[in-house]
Every structure is written in structure tokens, then in C-alpha cells.
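An overview of the molecular structure
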Amino acid sequence: MQLRATRLTAIAHAVRRAIASFSPASLFAANEPGVWYDPSDIDRYMTPLGPELVANGDFSSGLTGWAAQSSWSVVAGKAVLQDGVTANSQLAKFDYGLVNGKLVEIRFDLTISSGSLIFRPNYASTTNQQALTTSGTKVLQLLVAANSFEFFALSACTGATIDNISVRELTAIGTATMFQDAAGTTPVTAVEQPVGLILDKSRQQGFEDVTGAVWTKTSGDGVVTVSGNQITISGATTNTTVTRTSGSIPFASGIARMVVRADWTSATGVQRWLRGSPLALANGVSNLATMSLNNASLERFDVSTGTVTFTVIAFDYWVGAHASQTTATSRPVLSSRVNQLVKTEDFADAAWTKIEATVASGFTDSAGTSKAWKLQENAASANHLITISPTGVSSTTNRWSVEVKAGERNYALLFGSGIGGAYFNLTDGTSVNFSTAPDNKGAVNLGNGWWRIWIEKNAVAGNCQLYASDTGSRFSYQGTAGSGIYFAFPDLRPANQSALPYQRVNTATDYDAGPAFPRYLKFDGVDDSLVTPTITPGADKAQVFAGVRKLSGTGFQMLVELGTGLNESSFAVTAPSSANNDYDFRLVTGSGQTQTVYPPPTTNVLSAGYDRAAATGQLQRNPRINGEPVALVTAVPAGPGSFMIAPLYIGRRASTSLPFNGHLYPLIVRFGPTLTEAQITQTEQWVNSKTGAY
Amino acid sequence: MDAFRTLILPAAVTPLAREIAATLSPGGIGMWTTGLSPTGAEPATHYISTGLISPEFAFMVPDQTWEQGEDGAWTQTGSTPGNPEAVHAACNTAGLEVTLAQVLAVFDAADVTEQEPFTALGRLGLVLAQPNTEP
């Protein structure tokens with residue numbers, strides 16, 4: 001057995017190495033038209049961090065370097081706030097080397113027993129102020145506008161300590177590929193933000209440097225001098241503008257980026273324009289790289305009064321069929337959520353109802369940390385349980401699970417309305433069904449007396465409940481105050497996502513979005529969609545690869561389509577096609593519905609090798625799902641000819657109808673010669689590495 | 001921080017609401033293009049937009065809160081009126097000729113909540129209106 005496990009591990013490592021060495025960029029090596037979108041790219045530009053900016057963030061030198069009022073002291077290497085104070089409660093850091101306008105990651109360890117501690121990333125402003133009410137490691141990513149931050153108590157709190165404070169710049173944010181707005185000015189920095197623009201990476205050989213720009217004074221009384229990449233406007237008393245009058249920046253479907261530094265002693269009205277959009281600049285710093293998808297041919301510097309030197313650090317251009325959505329409410333949302341519960345580590349919260357029981361925190365969990373809680377009975381003759389009502393859970397095979405350990409009671413009843421229940425013996429992991437049985441159940445031994453117990457059933461999950469039990473065969477009995485069981489890390493998810501680890505969820509927008517959880521664009525099935533500029537395929541062959549989670553089984557839903565539909569030279573992939581729980585690989589006006597059905601919610605890697613010159617409708621589509629060829633029920637053959645010149649619509653037909661309800665992981669569309677079997681397999685494996693479908 | 005809203009309008013006020021939204025913000029262009037009806041058949045009796053909107057936009061529009069009882073019935077538990085005067089003033093400043101009464105009519109007819117879209121549709125007894133034929 002050990003040998004087999006070792007061999008499987010070696011194979012898994014070999015597969016990972018093969019995937020790691022492959023890049024979809026290789027599919028576009030000959031400049032084939034197409035697109036490549038990757039929501040997981042957020043990890044690339046949100047991970048690299050610059051040097052630590054906070055000295056003595058671990059308080060190893062007491063409060064040296066901190067502006068701490070009298071209620072703060074250092075105890076056991078942590079900054080401790082005196083309980084109950086509000087006056088004189090500030091702990092601040094000034095002038096720590098932060099450059100204004102930078103996106104930074106702020107991290108610290110907080111403990112707090114009651115009340116809230118306020119964190120201000122800018123000492124002088126309430127912007128982005130956070131009220132901290134729960135213990136844990138806090139990680140914030142913020143665009144900061146000041147060289148200071150502080151903690152203080154606005155109302156009385158107890159047990160507040162802070163340690164390991166860190167501020168580091170996110171150095172790769174300038175190469176972000178997702179933006180919250182359609183113009184490309186505000187990068188997506190976290191899950192649950194809208195995606196108004198996602199850049200096509202198929203042309204990404206790095207940014208194309210836009211050199212040869214010529215800057216010319218166009219208005220005002222300031223004196224303008226240009227030296228290399230430096231433009232100086234001196235002594236302006238009326239608004240003075242310098243405009244780029246030549247240079248090689250194209251104005252087609254691409255995105256321009258400008259990184260600029262502005263230095264001045266005294267000036268007003270300092271602005272930089274990029275493709276027609278103005279942005280006020282901060283003094284003496286390199287501001288965040290700003291991109292713009294606008295097609296306006298205007299790059300400009302403005303100074304209303306004073307003298308300013310602008311240094312153009314980067315001015316470049318990223319070509320490609322970038323997909324955007326101008327309507328705010330119609331933007332898909334970047335997400336990584338799996339666990340449908342909330343407050344999964346805070347059972348004192350009102351989201352969890354305690355019935356004839358109380359909960360206590362701070363017990364050692366299966367991982368050796370102190371995140372376990374205890375479900376403690378009261379003395380009533382009654383049910384003793386904790387329960388939560390999840391929302392938005394699909395009708396599917398759902399798995400409700402939680403880690404448990406015997407306390408004074410050796411049994412637990414895990415129950416879910418709609419799922420059924422089972423009694424678990426917490427000494428040996430055995431179980432017996434409740435009168436309403438689940439479809440499946442199990443217990444995984446985690447060691448040290450801990451078990452992850454789970455039940456599954458194909459139904460809508462209602463209340464998720466955990467009972468203490470005295471005999472393992474009943475859930476209502478005479479309680480003993482304080483007796484009970486230990487528990488931690490509850491989780492409710494579709495069963496076919498059970499391979500993913502437990503996911504901490506505080507709220508719908510605050511959850512563990514670590515790399516274990518695939519990133520996806522969440523399309524709401526109502527009005528979300530993206531569209532590219534016009535693509536010129538110039539080929540009668542196209543390859544489509546997509547990681548997809550389908551949440552609905554009925555009605556045509558458009559995943560991706562070339563053109564607006566119902567024409568002679570397009571293709572489309574729908575998920576599903578009608579009431580059949582299938583996928584439809586459509587070509588021209590003919591359907592290509594899969595023979596096998598895929599009831600939602602289901603996660604799949606879809607691929608199609610469209611070839612309009614092939615002999616049959618099946619061969620014209622060459623559909624594959626999860627790396628295997630699939631047969632089509634209907635495969636209406638199409639006539640020969642190149643694919644049409646048109647935009648690519650994602651998530652909705654023509655941005656107006658047939659909305660897709662589900663998740664989109666990477667999407668690759670390539671127009672060009674048929675790929676080899678090895679290329680297809682490599683690409684599917686790469687997409688699956690970002691999707692987790694098989 | 002953007003705010004999540006589901007905004008449903010009767011078809012009769014939708015054209016004006018589209019104009020107002022497009023006037024208030026570039027991100028408001030293209031709202032309410034998804035039709036709704038009680039049976040799913042066209043023509044649409046209502047239109048829906050759902051997703052994240054800016055705090056400024058959220059401040060201006062009305063919203064309602066609802067709770068569902070054990071019997072499944074929905075009860076409205078609260079509402080905020082929005083800021084029709086500010087909307088009216090912003091429209092006029094931007095050159096959209098609209099009266100305060102017209103803005104109020106849109107606001108009165110609007111169903112705006114923080115509910116997920118399919119929850120709101122279920123409460124109102126509406127579904128997406130789709131063409132009957134295969135696309």
C-alpha cells in the first residue's frame with residue numbers, strides 16, 4: 001500500500017510538473033487570433049510583496065517607534081490595550097516609509113474578547129476604517145493615501161492585543177489583468193469585487209513599450225522643457241498643458257498603461273491624462289500604474305499653478321481582445337467561495353442559534369490551534385443543539401460536515417433539514433442513521449480524538465444542526481449543565497466539491513480565498529456578461545477551452561458565443577442547451593448537444609475543436625469534457641468557410657439574452673490550425689489545474 | 001465599498017429609469033435589459049438589473065427589506081425612500097428633462113432589495129422572459 005501511494009504521489013508530481021511547464025501562451029505563438037482569460041491571475045499580482053515597512057512590528061523592542069498612548073503596554077511580546085478604555089487609546093505609526101498612492105498589504109494578529117477595536121489605515125481620515133470585532137490574523141489590501149496608521153477604541157473593548165504588524169507593498173499590482181471598472185482604472189484586488197474588464201493574455205509577451213512619444217505644450221503660461229522621459233512645467237500661473245503629439249501608441253482594442261512620478265514644491269491642479277481620462281497626481285511619488293481601455297487619443301499633463309517635473313517611468317500598451325462590461329450591475333464577480341455557511345469560526349454570533357445549550361470558545365482543535373468550541377448542554381430535558389440556516393443553497397447532493405470530538409458526551413447527531421441525519425460515535429467513528437436517513441455518511445479520523453463527520457443527500461439543504469447525544473440513539477434527554485461535545489470548522493457544500501479543504505467563511509464577502517480554492521467569475525444567470533472588441537478569426541478552425549461550473553439545468557444559457565447568434569459563421573457553447581442538463585457545442589446555426597447529461601451543479605472542463613472543413617457534424621466539433629471525447633446526440637453539420645468577424649460574447653447572447661448561471665474559470669478561444677492531441681491534453685490539464693473538475 | 005442590489009421595475013417605467021440611470025453614471029448605461037414575466041413568456045411585464053452598484057448610486061435609490069415567514073409568505077419589514085430630489089437635480093444638471101413627479105413614479109414602482117435575484121423573483125412571482133424558440 002505504501003509503495004502504491006508513493007507511486008501515485010510520483011505520478012501526481014509528474015503531472016504537476018508537466019502542467020507547470022505549460023503556458024497557454026504557446027497556443028498563440030504564431031499570433032493566432034483569440035483570447036485567453038484567467039481569473040486565477042489575481043494570485044500573481046496580489047502575491048509579490050515588497051520589503052517590510054514597519055519596524056518593531058512584533059514589539060520585540062517594546063513600544064519603540066510607536067506613538068502609543070498611556071493605555072497601551074507590551075506584555076509577553078504583544079501590544080496590550082487596557083480593558084474598557086476609550087480615551088488615550090491610540091496606538092499609531094507615523095512616517096514609516098510608505099509611499100502614498102501605493103497598494104499595500106497590511107497584516108496583523110489581533111485578539112479581542114468583546115467590543116471592537118478601530119483600525120485606520122490613514123491616521124487623519126475615516127476612509128477604509130475597519131471595526132475589528134473578532135480575533136485572528138487580519139489581512140487587508142488597501143490603496144493607502146497616508147504615511148500613517150493607527151488603532152484605537154471608539155467604545156470599550158476587552159482583551160485587545162496586537163502583534164506582528166506588517167505593511168508591504170503589492171509590487172506586481174501594476175500588471176493586474178482584472179479591473180473593477182470597464183475603463184481599467186481600478187484593479188480587482190480581492191474576491192467578491194466586480195470584474196468590469198479582464199485582459200486577454202493571448203498577446204501577453206510583456207507590455208509593448210511605447211517609445212518615441214513627443215510632448216508639446218498646448219496651452220497656458222508655464223515654461224515647458226522636455227528632456228528624455230522628463231517633462232517640466234515651470235512657473236505656471238494659468239493652467240498649462242503638455243500633450244503627447246506623436247508616438248507609436250495604437251488606438252485599437254488594447255489597454256494603455258502609464259506609470260508616472262510627479263515632483264513639486266508648490267503647485268496646484270497637477271493631473272495626468274491617459275487616453276482621455278484625467279487623474280490627479282500625488283506629490284513626490286510614483287503613483288500606482290494606471291491603465292485605460294478608452295480609445296481617446298489623449299495623453300496629457302496639467303499644472304494649474306507652480307512648477308512640476310513629471311517623470312514617465314513606463315508608458316506602454318497591452319494589445320488583445322480584452323473583455324469588458326460597461327453596465328455596473330452586469331459585471332460578473334470574482335469569487336472563490338465553496339462553503340455555503342457563514343460565521344464558521346464564530347459560534348457566538350447570532351447566525352448560529354443555540355437551543356437549550358451554550359457555546360464556549362478557545363479549545364484545541366484538530367490542527368492544534370485554539371479554534372475549537374464546546375457545545376454545552378443546559379440542565380433541561382430537551383434537545384441540545386446548535387443550528388444555522390444557510391441561504392442560496394442549490395438543490396443538489398449537498399454535504400454537511402463538521403469536526404467533532406467527544407467531551408462528556410460521546411455521541412453527536414448531525415442533521416440537516418432536507419438532508420436527514422445520523423448519530424456518530426465519537427470514540428470509534430461508527431454511525432447509525434436517523435429515522436430520516438441521508439444518502440451517504442461518513443467519519444474521517446483526524447487524530448487526537450477528532451473526527452470530521454459528514455452526511456450527504458440530493459436535496460436542498462435547510463437548517464444544518466449539530467446535537468450532543470447521551471446514548472447515540474436519541475437527541476432529547478436530561479442535560480447536565482456544562483456537559484457536551486467539542487466541535488469546529490462546519491462546512492456545507494455540494495458533495496462534488498468535497499475534495500477541496502474546509503473553507504473559513506465569516507461573511508459572504510469575507511472568507512478564506514487561499515490558493516486551495518479555485519478562482520472564478522460568477523455569472524448571476526440574470527444580466528451578467530462580458531464582450532470583446534471585434535475579433536478577426538481568418539480561419540475555419542477554432543479551439544475552445546473553458547473551466548465551467550454550471551448551476552442550472554434548464555433553458556438555453558450562453559457560455560460563450562462568437563457574434564450575436566443565428567448567423568452563418570459563428571460558434572457557441574451553451575450550458576445547458578434546454579431542459580436536458582447537457583452542454584451544446586453549437587456551430588453556425590446547428591446544435592451539438594452532448595449525449596451524456598451533466599446535472600447541475602457540476603464542474604467540468606469543456607473543450608471543442610471546431611473544424612468547418614471536417615466531414616461530419618461530430619468531427620466539426622470534436623467536443624471533450626473533463627479530458628475525454630464525448631458523443632453528441634445531434635451534431636448538425638455546417639458548410640465550409642471562415643468564422644465571422646465579430647465580438648466574442650461571454651455569459652449572455654449579444655449581452656441581452658440567454659444569461660449563463662454559473663462559474664467561469666479560465667477561458668481560451670483560439671482561431672487557427674487544429675491542435676495536436678498533446679496540445680489539447682496539456683491545455684485541458686492546465687485549465688483543470690485552475691478549475692478542479694477532475 | 002460597492003453595494004449589492006436587485007432592482008426590478010414594471011415595464012411601463014423602465015424606459016425612463018434607463019434614461020435616468022444612464023444619466024447618473026456611465027455604469028448605469030445598459031441597465032434593465034433582462035425581461036421578466038409571470039410565466040416566462042414574452043412580452044416582459046418587468047425588467048431586472050442585479051449586481052454591485054456604487055455607494056453613491058445605492059444612496060440615491062430606494063430600497064426595501066423583506067422577511068419570509070414559516071408559511072413562506074413575505075412581509076415587508078422596512079424601507080428607505082432613496083433621494084429622489086437629488087436624482088431629479090442631477091438629471092436636470094446633466095440635461096435630462098424629467099420632473100420630480102416622474103422620478104417619484106419610478107421610485108414608487110421600483111422593487112429594490114439586497115435579495116439574491118432568484119429570491120426576489122420568487123417573492124414577486126416572476127421568472128426570466130425568454131424566447132420560446134431554439135436560439
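The model shown is predicted, which means the values in this text are computed figures rather than measured ones.

**Side note on the overall build of chain B**
- Helices and strands together make up the secondary structure of chain B, namely 5 helices and 7 strands.
- Along chain B, from the amino end to the carboxyl end, the secondary structure elements read β-α-β-β-α-β-β-α-α-β-α-β.
- In terms of overall size, chain B behaves like a compact globule, its C-alpha atoms giving a radius of gyration of 15 Å where 135 residues would be expected to give roughly 14 Å.
- Overall, chain B is about 45 × 40 × 30 Å in size when its C-alpha atoms are taken along their principal axes.

**So, the overall build of chain A**
- The helix and strand tally for chain A stands at 3 helices and 54 strands.
- For the C-alpha atoms alone, the extent of chain A along its principal axes is close to 85 × 80 × 50 Å.
- Restricting to contacts in chain A with at least 6 residues of sequence separation, those with at least 24 account for 72%.
- Here chain A has roughly 25900 Å² of accessible surface; of this, 52% comes from carbon and sulfur atoms.
- Here chain A contributes 49 positively and 50 negatively charged side chains, and the mean placements of these two sets differ by 3 Å.

**Some words on the interface of chain B and chain A**
- The interface is formed by 21 residues belonging to chain B together with 25 residues belonging to chain A.
- Summed over both sides, the interface of chain B with chain A buries roughly 1700 Å², with 56% coming from carbon and sulfur.
- Connecting chain B to chain A are 0 salt bridges.
- On inspection of chain B and its partner chain A, the count reaches 6 residue pairs in polar contact (both at pLDDT 80 or more).

**Digging into the pairing of strand β17 (residues 230–236) of chain A**
Residue and element names in this part refer to chain A.
- Here strand β16 (residues 223–227) pairs with β17 via 5 bridges, running antiparallel. Residue pairing across strands places V223 opposite S234, the latter belonging to β17.
- Where β16 folds back onto β17 in an antiparallel hairpin, the turn is made up of 2 residues, including G228, whose phi is positive at roughly 60°.
- As paired strands, β17 and strand β25 (residues 305–319) are joined by 5 bridges and run antiparallel to one another. Paired with I233 across the two strands is V308, which belongs to β25.

**Comments concerning the sheet that holds strand β9 (residues 136–143) of chain A**
Residues and elements named next belong to chain A.
- Pairing is antiparallel across the open sheet formed by 5 strands, whose spatial order is β3-β4-β11-β6-β9. Where the open sheet ends on each side, the last strands, each with one partner, are β3 (72–75) and β9. Neighbour-to-neighbour, the strand axes of the sheet open up by a mean angle of 35°, direction not taken into account.

**Structural notes on empty space enclosed by the protein**
All names here are of chain B.
- One pass over the full model with this rule turns up 4 cavities of 30 Å³ or more.
- Empty space within the largest cavity amounts to approximately 160 Å³.
- Considering the residues around the largest cavity, the lining is formed by 15 residues, among which W32, F57, V61, V106 and F107 are closest to the centre.
- Of all the secondary-structure elements, those providing two or more residues to the lining of the largest cavity are β1 (3–10), α1 (14–24) and α4 (100–109).
- The element that contributes the greatest number of residues to the lining of the largest cavity is α1, accounting for 4 residues.
- Considered class by class, the residues forming the lining of the largest cavity number 15 nonpolar, no polar and no charged.

**Topic: unusual backbone geometry**
- That bond from P600 of chain A to P601 of chain A is cis: its omega, -5°, falls within 30 degrees of zero.
- Cis rather than trans, the peptide bond between E42 of chain B and P43 of chain B has omega equal to 5°.
- One non-glycine residue, N622 of chain A, lies in positive phi territory at about 45°.
- Relative to the assigned elements, N622 of chain A resides in the loop between β50 (602–611) and β51 (624–625).

**Examining the layout of surface pockets**
Residues and elements named next belong to chain A.
- Estimates place the volume of the second largest pocket at around 690 Å³.
- Of all elements in the fold, only α2 (42–46), β54 (661–671) and α3 (677–689) reach the threshold of two or more residues within the lining of the second largest pocket.
- The biggest single contributor to the lining of the second largest pocket is α3, with 3 residues.
- Across the lining of the second largest pocket, the residue classes tally to 15 nonpolar, 11 polar and 9 charged.

**Some remarks on helix α3 (residues 84–93) of chain B**
Residues and elements named next belong to chain B.
- Among the residues making up α3, those that are buried are P84, V87, H88 and C91. The buried residues of α3 all sit within an arc of 100° when viewed along its axis, so they share a single face.
- Buried positions along α3 lie against α1, α2 (55–60) and α4.
- Two residues or fewer after α3 comes G95, characterised by a positive phi angle close to 95°.

**Considerations on the environment of G479 of chain A**
Residue and element names in this part refer to chain A.
- Examined against the element boundaries, G479 turns out to sit in the loop between β40 (476–478) and β41 (484–494).
- In the structure, G479 is positioned 102 residues away from E377 in sequence and 5.6 Å away in space, judged by C-alpha atoms.
- The residues contacting G479, other than those within four sequence positions of it, are E377, N378, A379, A380, H384 and R409.

**Some thoughts on the packing of α3 of chain B against α4 of chain B**
Residues and elements named next belong to chain B.
- Contact geometry of α3 with α4 gives a least axis separation of 9 Å together with a crossing angle of 130°. Relative to α4, α3 is oriented oblique. In the packing of α3 onto α4, the handedness of the crossing is right-handed. Contacts between α3 and α4 pair P84, E85, V87 and H88 from the former with L100, V103, L104 and F107 from the latter.
- In terms of residue class, the contact of α3 with α4 is made up of 6 nonpolar, 1 polar and 1 charged.

**Some points on the packing of α1 of chain B against α3 of chain B**
All names here are of chain B.
- Contact geometry of α1 with α3 gives a least axis separation of 9 Å together with a crossing angle of 75°. The angle between the axes of α1 and α3 places the two elements in the roughly perpendicular class. Mapping the contact onto sequence places I20, T23 and L24 in α1 and V87, A90 and C91 in α3.
- Among the residues forming the contact of α1 with α3, the class breakdown is 5 nonpolar, 1 polar and no charged.

**Comments concerning the side chain of D582 of chain A**
Residues and elements named next belong to chain A.
- The residue D582 is located in the loop between β48 (571–574) and β49 (584–587) in this model.
- Of the side chains with opposite charge, K550 lies nearest to the buried D582, which makes no salt bridge, at 5.8 Å.
- Of note is the side chain of D582, whose polar atom sits 2.8 Å from the side chain of S577.
- Every residue in contact with D582, bar those within four places of it in the chain, is listed here: K550, A575, P576, S577, Q593, T594 and T596.

The rules behind these values
Residues numbered from 1 in each chain as written. Chains lettered and ligands numbered in written order. Predicted model: local features only at pLDDT ≥ 70, side-chain atom pairs only at ≥ 80, totals over all residues. Heavy atoms only, no water. Helix = DSSP H or I, 4+ residues; strand = E, 2+ residues; numbered from the N terminus. Rg over C-alpha atoms; globule rule 2.2 N^0.38 Å. Contact = heavy atoms within 4.5 Å. Areas by Shrake-Rupley, 256 points an atom, 1.4 Å probe, with all protein chains shown as cover. Lys, Arg positive; Asp, Glu negative; His and termini not counted. Charge placed at Lys NZ, Arg CZ, Asp CG, Glu CD. Buried area = accessible area lost by both parts, 1.4 Å probe. Salt bridge = Lys/Arg side-chain N within 4 Å of Asp/Glu carboxyl O. Polar contact = N/O pair within 3.5 Å; in protein donor to acceptor, adjacent residues only side chain to side chain. Pairing = 2+ DSSP bridges. Axes fitted to C-alpha atoms, helices over the stretch in contact; angles between N-to-C directions. 1 Å grid on protein atoms, 1.4 Å probe; cavity = no way out; pocket = protein on both sides within 12 Å on 5 of 7 lines; lining within 4 Å. Points joined across faces, edges and corners; volume = space filled by probe spheres on them. Nonpolar A, V, L, I, M, F, W, Y, C, P; charged D, E, K, R; others polar. Buried < 20%, exposed > 50% of the residue type's maximum accessible area, 1.4 Å probe, protein only. Arc of directions from axis to C-beta. Parallel < 35°, antiparallel > 145°, perpendicular 65-115°, else oblique. Left-handed = near helix turned anticlockwise from the far one by under 90°.

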